[in-house]
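# Per-entry structural report
Read off the chains here:
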Amino acid sequence: MRKLVVLISGTGSNLRALLRAIDDAAGTPDDLGARVVAIGADTEAANLALGDEFGIPTFVVPPAEYPDRTTWGDALLARIREYGPDLTVLSGFMRLVPPSVVRGLAPALLNTHPSYLPEFPGANAVRDALTAGATRTGATIMIVDDGVDTGPVIDQVRIAIEPGDTVSALHERIKTAERRLLIETVRGIAHGRVDLVSLTAAAHSDAMASRPED
Ligand code: GAR
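All of these numbers come straight from a predicted model, not from anything done at the bench. (Residues numbered from 1 in each chain as written. Predicted model: local features only at pLDDT ≥ 70, side-chain atom pairs only at ≥ 80, totals over all residues. Heavy atoms only, no water.)

Before going further, it helps to spend a moment on the overall build of the protein. Regarding its fold elements, the protein presents seven helices and seven strands. Counting from the amino terminus, helix and strand elements in the protein follow one another as β-α-β-α-β-α-β-α-β-α-β-β-α-α. Radius of gyration (C-alpha) of the protein: 17 Å, near the 17 Å computed for a compact globule of 214 residues. The buried share of the protein, reckoned over its 214 residues, is 45%. The long-range fraction of contacts in the protein, counting pairs at least 24 apart against all pairs at least 6 apart in sequence, stands at 62%. Of the roughly 10,500 Å² that the protein leaves accessible, carbon and sulfur atoms contribute 53%. Computed over 20 positive and 28 negative side-chain charges, the separation of the two mean positions in the protein equals 2 Å. (Helix = DSSP H or I, 4+ residues; strand = E, 2+ residues; numbered from the N terminus. Rg over C-alpha atoms; globule rule 2.2 N^0.38 Å. Buried < 20%, exposed > 50% of the residue type's maximum accessible area, 1.4 Å probe, protein only. Contact = heavy atoms within 4.5 Å. Areas by Shrake-Rupley, 256 points an atom, 1.4 Å probe, with all protein chains shown as cover. Lys, Arg positive; Asp, Glu negative; His and termini not counted. Charge placed at Lys NZ, Arg CZ, Asp CG, Glu CD.)

So this is what it looks like as structure tokens:
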């Protein structure tokens, strides 16, 4: 059984969907093969009530309590490691994690993102797609690297932008797709169909091949 730590900053609706999927399939032939062993956040404002609801321990590591980003990252990594996870998921965790956290967890550190990366990286992906006048955007789940939403893509889907769409209406449709990606990615990793080491190696060799000659 794979152990997951999931980090959130806000409502955690995608995490809730994952927790429900895990509970619904538990002990059936569709068992996800994974359990969330802790929920972490960077702010008390995150929906840590999910922990009580699903009987899962929670922790908060607020950056304001640390002198700098590096020290905050070290504290965050230490809290995550207490639970010995096989996989850590940033599910609406709205802060870049420092390189020490990426190095400490890679490649078993995933992020969900509300666009079809590499289109619209960053913290305002849904608004940016609307502002750009795009006719479609998407949802992506990827391995976290040191860049902003630049890591190897595990899976992604396209979502059409409808005339008159608002940020919240579009984001809700994207999240519906994100939840499926997240659940199926966790299942794929737990059942050995998604190999994070190979995906990382493939992305690295693609990057080397596209480098200009010295
Ligand atoms: C999700 O759409 C997730 O992809 C996004 O925040 C939302 C969290 O929703 N994350 C990012 O934009 C990270 N750059 P939720 O709190 O309702 O699950």
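Text resumes after the structure shown.
To continue, consider the UniProt feature "binding site: N(1)-(5-phospho-beta-D-ribosyl)glycinamide" (unreviewed entry) in the protein. According to UniProt, the feature "binding site: N(1)-(5-phospho-beta-D-ribosyl)glycinamide" (unreviewed entry) maps to G12, S13 and N14 in the numbering used here. With respect to the helices and strands, G12 occurs in the loop between β1 (2–8) and α1 (13–25). Looking at G12, the relative accessible area reads 8%, which means it is buried. As for its placement among the helices and strands, N14 is situated in helix α1. Residue class for N14 comes out buried when judged on its relative accessible area of 8%. (UniProt positions renumbered as here; feature names shortened; annotations may be inferred.)

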